[in-house]
Each structure stands twice: as C-alpha cells, then as structure tokens.
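Residue-level listing of the chains:
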Amino acid sequence: MTTKQSIRLAIIGGGRGGAYLKSIDALPEKVELALLCDPNPDVCARWKNDRPDLKTVADFQDVLDDDSIDAILLATPLTLHAEQACAAMEAGKHVLSEVSSAHTVEDCWKLVETKEKTGVTYMMAENFCYLRTNLMVKNMAEHNFFGELTHAECSYIHDVRAAMHRQDGSLLWRGELLRDYNGINYPTHSLGPVAQWLGIHRGDKFESLIAIGSRPAAQAEYFAHVFGSDHPGAKESFWKQADSVLALIRTQNGSTVYMRNDFSSPRPMNYKYCALQGTRGAFESGRDIHEEPVAWTGDGGQTSASASWQTLWDFADEFEHPAWKKDGEKAGQAGNLSEYFVLQEFVDALLEDRSPAIDVYDSVAISSVFPLSCQSIEEGGALVAFPDFAKNKPRIS
C-alpha cells in the first residue's frame, strides 16, 4: 500500500509516451513526471527543451535502479512490453503498460506470475475502453439495456504500411511484426471494450478461438510500388502476416465474438468499429467519423416491422457514463483518445490501494489473442483453448 499523496512516474519511450503529457499536467495533485527514458538523444533533447527540469536517461536499467520512481509508463514497441514490465515489477515499480501486454503465451504467464509474486500494481493502458461511446455502452450493458448478451463484433482496420519501414526500406518494429507473425497482432483496442461489456473475469471468461487469414497481397504490392520489385517485401512469401485476419471467440457463458485485424488493406481506417447484440437490444458503432453510433431496444425483445435504429446519443441522458459526466471536458482537453481516464484510473488505483479496472488478468486475456490466433492459423484454423490466466484472480461479486 502506498502512503504517498502523489505518484512519481517515469515514462519509458518518448514517442508514444508524449501522448500522456497533457493528462499528467491535468492531474498535478496525483502524479508527477519525474523521468523520461529513451535511447534516442534527440528525443530526450526535445523533451528537455519543453521541460528543462526533467531528468532523462538512455538506459532502462537506470530507471529500475532509481528508488525515487514509484511507477513506470511503458510506451515502447509491443514486443518489449512483457520483459520490461516484469523487470520493473521485480524492481518494485508499479507498471502502466501500453498495448499489448505481451505477444507470447509464455510472456502472458510471466506477467501474471511476476505480478502475483511481487504484489505491485499492473495495468494495461487500453485507452479505447475509456472512449465516450464505449463507456456508455458498458453502462448500458450493466443496466440490462440489451438484455442477456449473446454476440459482439470488433475490428481494427488501419492501413499503417507507411509506418512499417524507414526511408531506405529497412523494417521498423511494425514491419518486423508482420514479417514474423501471422495472427490478430493488435487485439486490444477492439477486444478491450468488448471484454468489459461481456463481463470477462466478472462472471464470464474467454473459452476458445479459431482464426484464419488472407494472402498478404496488399502488403507485398505496397512494397513493390514504393521500393521496387527487387525489395524482399515485394514478394508475398516474405510476409507471414495476412492482410486480413479473422477470429471467432466463444466465451464460457456461450457468447460469441467476431474480430477482424487488418494493417495493410488500402481503405479509410475503421479502427473503432464494434457492435453488441443481446436478447432485448443491440448497438453498432459508426464506421468512421461521419457515421453516428446507433442503438435499439425492444419491448420484451420483440422486433416489429417498423423497428429502426436510434442514434446512441438519444440515450445519453440516462446512460452517459459517470466518468464522462464528471470529467469529459477535462479528458477532451488532454487528448482525443482518453489517455486522461487511463492515467487517472492507474494513479487512483495506486493511491487507493485497489486493483485497477484493467488488471494483469484482464490484460493478458485480451493480449493472448495474438499468440493464440497465430497458433490457430498455423494449425489450419484449429480450435484453440484460452489458458486459465485468471485462476488465482480474486473473485468479484
């Protein structure tokens, strides 16, 4: 239990980590930015220019050795997250990790075991759980607006091929990810909110999944266009990752989830799509910023011939989430992807000595879809069971 009035935070990774600066500044009574760790001296210099008193280091070990640091925010490439988080927890630091928590089943187990052994706090920074729409749907589900939940859908479709390489054609970490793995390689933005709506680890849990993938045609065509046909990435055989990967998940209580993950197909992005179906009602998000999210609920679950969707905001007076009622304006000023609520939840959990809303068990259940989907595809679309990562999780009534 912490007896501190505020948390001294170190940010690891000055690229993505910069998205939290306005949120830190908006919570001065709860959190203090004490240190930045980044191996790039130009990044450190840029931060020092904006915050001259900020301590900067290049070596992650220096953070682990600094007893003045209470917690770290991991904003490094996702393949480093589990290793760095475990090292930090072993050093007595609380961890807020960017997504995903881990990219192998073994690392998922290491996170759980290290958290249970050390007793420090671990939270995954899944900001999509805190978007206004997603929190409102969570509130509606908890108030039985949709009835018994039976099905959900979610997709992360975002053409990021230009962020996979350097100017000389060598691969950045995102490109290496698509070269080396084939699965739902970025599951948490789409599945995180759905898991909360379905009550995963709060009465239900993921049971099994199957996954299949397309050819990597768009990925190869892009590299051929940008770097020429002699670049290795111009050949489909260079890439393991399919352009589109589809997965079906079944929960222990019999709900189903459809997922699509696509980093390569050329189209307007649709990385916030989700839908929810229950025995009395349904929800569908818009496909882009031009479409309104919609919801419907029927009397006793009956659908008349004249049934029609209503904009979700027609229900806001009754179901707007309390967090957005209280701090929505402040969160909006801090950024448009709800990092404010993520950071607030993390530091409040530390200061109040309680488990965070997205704890280590929730984090690895969602993140494990990556390696489990890879296994399913490798085995020809085989049914793969979820490990019981939460076997030691305290029961939530």
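Refer to the preceding data block for the structure.
Residues numbered from 1 in each chain as written. Predicted model: local features only at pLDDT ≥ 70, side-chain atom pairs only at ≥ 80, totals over all residues. Heavy atoms only, no water.

Enquirer: Outline helix α4 (residues 81-90), listing residues and values.
Expert: Extensive coverage of α4 is indicated by the burial of 7 of its 10 residues. Buried within α4 are the following residues: H81, A82, Q84, A85, C86, A88 and M89. In the stretch just after α4, G92 is the one whose phi turns positive, near 85°. (Buried < 20%, exposed > 50% of the residue type's maximum accessible area, 1.4 Å probe, protein only. Helix = DSSP H or I, 4+ residues; strand = E, 2+ residues; numbered from the N terminus.)

Enquirer: How would you summarise the pairing of strand β8 (residues 206-213) if you had to cite specific residues and measurements?
Expert: Regular strands place side chains that alternate from one sheet face to the opposite one. Two elements, β8 and strand β9 (residues 245-251), share 7 bridges in a ladder whose sense is antiparallel. Following the sheet pairing, L209 is matched in β9 by I249. Strand direction decides the pairing type here: β8 and strand β15 (residues 384-385), joined by 2 bridges, are antiparallel. Each bridged residue has a counterpart across the sheet, and for L209 the counterpart in β15 is V384. (Pairing = 2+ DSSP bridges.)

Enquirer: Could you give an account of the sheet that holds strand β6 (residues 122-124), naming the residues involved and the relevant values?
Expert: Strand order in this open sheet of 6 strands is β3-β2-β1-β4-β5-β6, and the pairing throughout is parallel. The two strands at the open ends of the sheet, each matched to only one other strand, are β3 (55-57) and β6. On average, adjacent strands in this sheet sit at an angle of 25° to one another, irrespective of strand direction. (Axes fitted to C-alpha atoms, helices over the stretch in contact; angles between N-to-C directions.)

Enquirer: Any details on the packing of α4 against helix α5 (residues 105-118)? Residues and values, ideally.
Expert: Running from N to C, α4 and α5 cross one another at 10°; their axes reach a closest spacing of 10 Å. Our classification of the angle between α4 and α5 gives roughly parallel. Here A82, A85, C86, M89 and E90 of α4 come into contact with α5, specifically with D107, K110, L111, T114, K115, K117 and T118. (Parallel < 35°, antiparallel > 145°, perpendicular 65-115°, else oblique. Contact = heavy atoms within 4.5 Å.)

Enquirer: Describe a negative patch on the surface, with residues and values.
Expert: Taken together, the side chains of D59, D62, D65 and D67 make up a negatively charged region of the molecular surface. For D59, the location among the structural elements is in the loop between β3 and α3 (60-64). Overall, the relative accessible area of 42% leaves D59 in the partly exposed class. (Patch = residues over 30% accessible without salt bridge, like charges linked within 9 Å, V, L, I, M, F, W, Y side chains within 5 Å. Areas by Shrake-Rupley, 256 points an atom, 1.4 Å probe, with all protein chains shown as cover. Salt bridge = Lys/Arg side-chain N within 4 Å of Asp/Glu carboxyl O. Lys, Arg positive; Asp, Glu negative; His and termini not counted. Charge placed at Lys NZ, Arg CZ, Asp CG, Glu CD.)

Enquirer: Break down the pairing of strand β7 (residues 149-157) for me, citing the residues and quoting the values.
Expert: Across 5 bridges, β7 lies against strand β11 (residues 274-278) in antiparallel orientation. For H151, the partnering residue across the bridge sits in β11 and is Q277. Bridge count for β7 against strand β10 (residues 256-262) is 7 bridges, and the pairing is parallel. From the neighbouring strand, S155 faces β10, where its bridge partner is R260.

Enquirer: Can you explain the state of the cysteines? Please cite residues and give values.
Expert: As used here, a disulfide is simply a covalent bond connecting the sulfur atoms of two cysteines. A complete count under the given rule lists 0 disulfides for this structure. C108 supplies the cysteine sulfur nearest to C86, a cysteine that is in no disulfide, at a spacing of 10 Å. With a relative accessible area of 13%, C86 lands in the buried category. Looking at C154, it has no disulfide partner, and the nearest cysteine sulfur is the one in C274, 7.5 Å off. (Disulfide = S-S within 2.5 Å.)

Enquirer: For the nonpolar core, give the residues involved together with the corresponding values.
Expert: In this structure, I72, L111, L191 and L276 are the most contacted members of the largest nonpolar core, which totals 124 residues. Take this core: its biggest share by element is 7 residues, from helix α12 (residues 339-351). I72 has contacts with L9, A10, I12, F60, V63, A88, K93, H94, V95 and L96, leaving out every residue within four places of it along the chain. (Core = buried A, V, L, I, M, F, W, Y, C linked by side-chain atoms within 4.5 Å.)

Enquirer: Describe the sheet that holds strand β12 (residues 281-284), listing the residues and the values that go with them.
Expert: On the basis of which strands lie adjacent, the open sheet formed by 9 strands has the order β14-β13-β12-β11-β7-β10-β9-β8-β15 and mixed pairing. With one partner strand each, in any of the chains shown, β14 (310-311) and β15 form the two edges of the open sheet. In this structure, β9 lies alongside β10, joined through 6 bridges in antiparallel fashion. Each residue of the ladder has a partner; that of L246, found in β10, is R260. Packed onto the sheet, helix α8 (residues 188-198) meets β7, β8, β9, β10, β11 and β12 and runs at close to 165° relative to β7. In the packing of helix α14 (residues 369-378) onto the sheet, the strands contacted are β8, β9, β10 and β15, and the crossing angle to β8 comes to about 55°.

Enquirer: Lay out helix α6 (residues 132-142) in plain terms, naming residues and giving numbers.
Expert: Burial of α6 is extensive: 9 of the 11 residues sit out of reach of the surface. The positive-phi residue at the C-terminal boundary of α6 is N144, with phi of around 65°.

Interpretation in functional terms is not warranted from these geometric data alone.
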